[in-house]
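Listed below, chain by chain, are the residues.
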Amino acid sequence: MCPLVNELKKRNTLETVVCVTGQHRQMLDQVLEIFNVIPDHDLSVMKQRQTLFDITTNILNGIKNVLEEERPDVCLIHGDTSTTFVTALACFYLQIPVGHVEAGLRTYNIYSPYPEEFNRQVVGIISQYHFAPTELAKKHLLDEGKVQKDVFVTGNTVIDAMQHTVVEDYHHPELDWCADSRMILITAHRRENLGQPMHNMFRAIRRVLDEHTNVKAIYPIHMNPLVRKAADEELGECDRIHIIEPIDVFDCHNFEARCYLCLTDSGGIQEECPSYGKPVLVMRDTTERPEGIEAGTLKLVGTDEDTIYRWFTKLLDDDQEYAKMAHAVNPYGDGHACERIADILEKGWTER
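Residues numbered from 1 in each chain as written. Predicted model: local features only at pLDDT ≥ 70, side-chain atom pairs only at ≥ 80, totals over all residues. Heavy atoms only, no water.

Student: I would appreciate a short explanation of the pattern of salt bridges in the present structure.
Tutor: Considering all chains together, one arrives at 28 salt bridges under this definition. A salt bridge links Glu245 to Arg228; the nearest nitrogen and oxygen atoms lie 2.8 Å apart. Here Glu245 is found in the loop between strand S9 (241–244) and helix H11 (249–258), whereas its partner Arg228 is found in helix H10 (residues 225–235), with 17 residues between them in sequence. Residue classification places Arg228 among the partly exposed residues on the basis of a relative accessible area of 24%. (Salt bridge = Lys/Arg side-chain N within 4 Å of Asp/Glu carboxyl O. Helix = DSSP H or I, 4+ residues; strand = E, 2+ residues; numbered from the N terminus. Buried < 20%, exposed > 50% of the residue type's maximum accessible area, 1.4 Å probe, protein only.)

Here's what the structure looks like:
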C-alpha cells in the first residue's frame, strides 16, 4: 500500500489519511521507513502471542474512533489480513464505502489459506470498489455477483513497490556467504502449515541441501515461536542453511532478485519472484494465485515431504525444467497499478 499512498498524495483533488494497526509491528515500521510514509493514526495493537481473537477485537475497537473522526469518502484496504477484514467490517457498521486493493483472489476453501481466504471473501461482499490485479480475479468477482462497473483490473501494487526497492549496487553479508553457491530463498509461516506439514517441508529441504554441495539456503524466519521451534528441530544443525531474523522489504526484494529459486508458503512472493525470473515452489495445498500456475512461474507442491523433495531436486538438476519456469511471463502487473487506482478514485470524485 505504501506506493499507493505516495501516489495518492500527489493528487491535489484527494486528501489522503493513513492509518496503520501495527498488526505486525517490526515489519510494518521497516516498510514505512523505506517508503517514507508517516501514519496519521497508529493503533499499535500488536502484543506477544496474540491470537486472531486479540487482533480482531483490538482493531475493531481502535478503528471505530479513527473512522468516526475522519469520516472518509472511501476507505482503502489491502489484501487478506485481519486488519483488512476488521476494517471492512467497521466501515460496514458505519456505512463508509470500502475500496479493496488486490481484490478477487480466491481458493474457495475458507480454511486454506487460513484465515485469509475467509477475509477476502467477506471484504468482497462489503466493498464498493474492487481493484483486481488480474482478469481472473475480476472473473471471480463478477461470478460472485459484483457489479461490473465497480470492478477494475489494475495489476498488483506489489509490482509497483518492487520498482522502488531493487537496486543494482546491493550488498549483504548473507549474500556474501552464498557467493560460491546457488542461493535458495525460503519463507514459511502459514498457520495451516504449523505442526506436521511444516516439519515435512523442512525435512524435504534438509534432504536436498544435504545432497547438493553447491547449494545454500537463507531462511528469514517468522516471529511465531512454533515456526522457530520446528525450524530449529529440523534445520538447526544444517551448515548449508542460515536461519536469520526477519528482513525488511528492501532486503527481501533484493534477496528475491538474486536467489536461484524460492520455496515459500507466502502469498506476495508468488508474484514478486517471477518478476525477476525466479521459479517458485509453493508449499501449500491451494493458492489464490492460479495465474502463476497457469503461466508456469509457480509450481504448487503441497506439504508432502517427498513431493517437495522431488520438485526441489528437479529444479536444481534439470536445466530445461528450470528454464521453463524462469522464462515464463509474470501475469501480475506492469508496475502502474497505483496510478490506475488513483486515476479511478480521482475520476470518481470529480464526477460526483
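Student: Looking at this model, I keep getting lost on the environment of Gly236. Mind explaining?
Tutor: Considering the arrangement of structural elements, one finds Gly236 in the loop between H10 and S9. You can call Gly236 partly exposed: its relative accessible area is 42%. Separated by 186 residues in the primary sequence, Gly236 and Gln50 have C-alpha atoms spaced 26 Å apart.

Student: Hey, could you run me through the pairing of strand S3 (residues 75–78) in this one?
Tutor: Put simply, side chains in a regular strand alternate between the two faces of the sheet. In S3, alternate side chains face the same way, and those of Cys75 and Ile77 are buried while those of Leu76 and His78 on the opposite face are not. With four bridges connecting them, S3 and strand S4 (residues 98–101) associate as parallel partners. Across the sheet, residue His78 finds its bridge partner in S4, namely Val101. Handedness of the crossover joining S3 and S4 through helix H4 (residues 82–94): right-handed. (Pairing = 2+ DSSP bridges. Right-handed = clockwise from strand over helix to strand, strands pointing away.)

Student: How do you make sense of the sheet that holds strand S12 (residues 298–300) when you look at a structure like this?
Tutor: Strand pairing in a sheet is mediated by backbone hydrogen bonds. Such pairs are either parallel or antiparallel. Taken together, six strands build an open sheet; the order of strands is S9-S8-S7-S10-S11-S12 and the sheet is parallel. Each having just a single partner strand, S9 and S12 make up the two edges of the open sheet. Sheet twist, expressed as the mean angle between neighbouring strand axes with direction ignored, is 20°. Of the strand pairs in this sheet, strand S8 (residues 215–220) and S9 are connected by four bridges, and their pairing is parallel. Note that in S9 the partner of Ile218 across the bridge is His242. (Axes fitted to C-alpha atoms, helices over the stretch in contact; angles between N-to-C directions.)

Student: In this structure, what is going on with the nonpolar core? I would like to understand it.
Tutor: Nonpolar side chains tend to gather and get buried jointly when the protein is soluble and globular. Counting residues in hydrophobic clusters, the biggest one holds 35 residues, and the most contacted among them are Ile184, Phe202, Ile205, Tyr219, Leu261, Leu263 and Phe312. Secondary-structure elements contributing two or more residues to this core are strand S7 (182–187), helix H9 (196–211), S8, H10, strand S10 (261–264), helix H14 (305–317) and helix H15 (319–326). Sort the elements by how many residues they give to this core and H9 lands first, with seven residues. Leave out the neighbours within four places in its chain, and Phe312 touches Ile184, Ile205, Val208, Leu261, Leu263 and Leu281. Within the second largest apolar cluster, 23 residues are counted, among which are Met162, Ala257, Cys262 and Val282. (Core = buried A, V, L, I, M, F, W, Y, C linked by side-chain atoms within 4.5 Å. Contact = heavy atoms within 4.5 Å.)

Student: Would you take a moment to explain helix H6 (residues 135–143) for this structure?
Tutor: An α-helix turns once every 3.6 residues. As a result, residues three or four positions apart point the same way. Of all the positions in H6, only Ala137, Lys138, His140 and Leu141 are classed as buried. Along H6, the residues classed as buried sweep out an arc of 155° about the axis, all on the same side. For H6, exposure combined with an orientation more than 90 degrees from the buried face picks out Glu135 and Asp143. Directly after H6, the chain includes Gly145, whose backbone phi takes a positive value near 100°. (Arc of directions from axis to C-beta.)

Student: Just checking my understanding: could you explain the sheet that holds S3 for this structure?
Tutor: Spatial strand order, S3-S4-S5-S6: four strands in an open sheet with parallel pairing. With one partner strand each, in any of the chains shown, S3 and strand S6 (151–153) form the two edges of the open sheet. Averaged over all neighbouring strand pairs, the angle between strand axes comes to 20°, with direction disregarded. Direction of pairing for strand S5 (residues 129–132) relative to S6: parallel, over a ladder of three bridges. When the sheet's bridge partners are listed, Phe131 is paired in S6 with Phe152. In this fold H4 packs onto S3 and S4, with an angle of close to 155° to the strand it touches most, S3.

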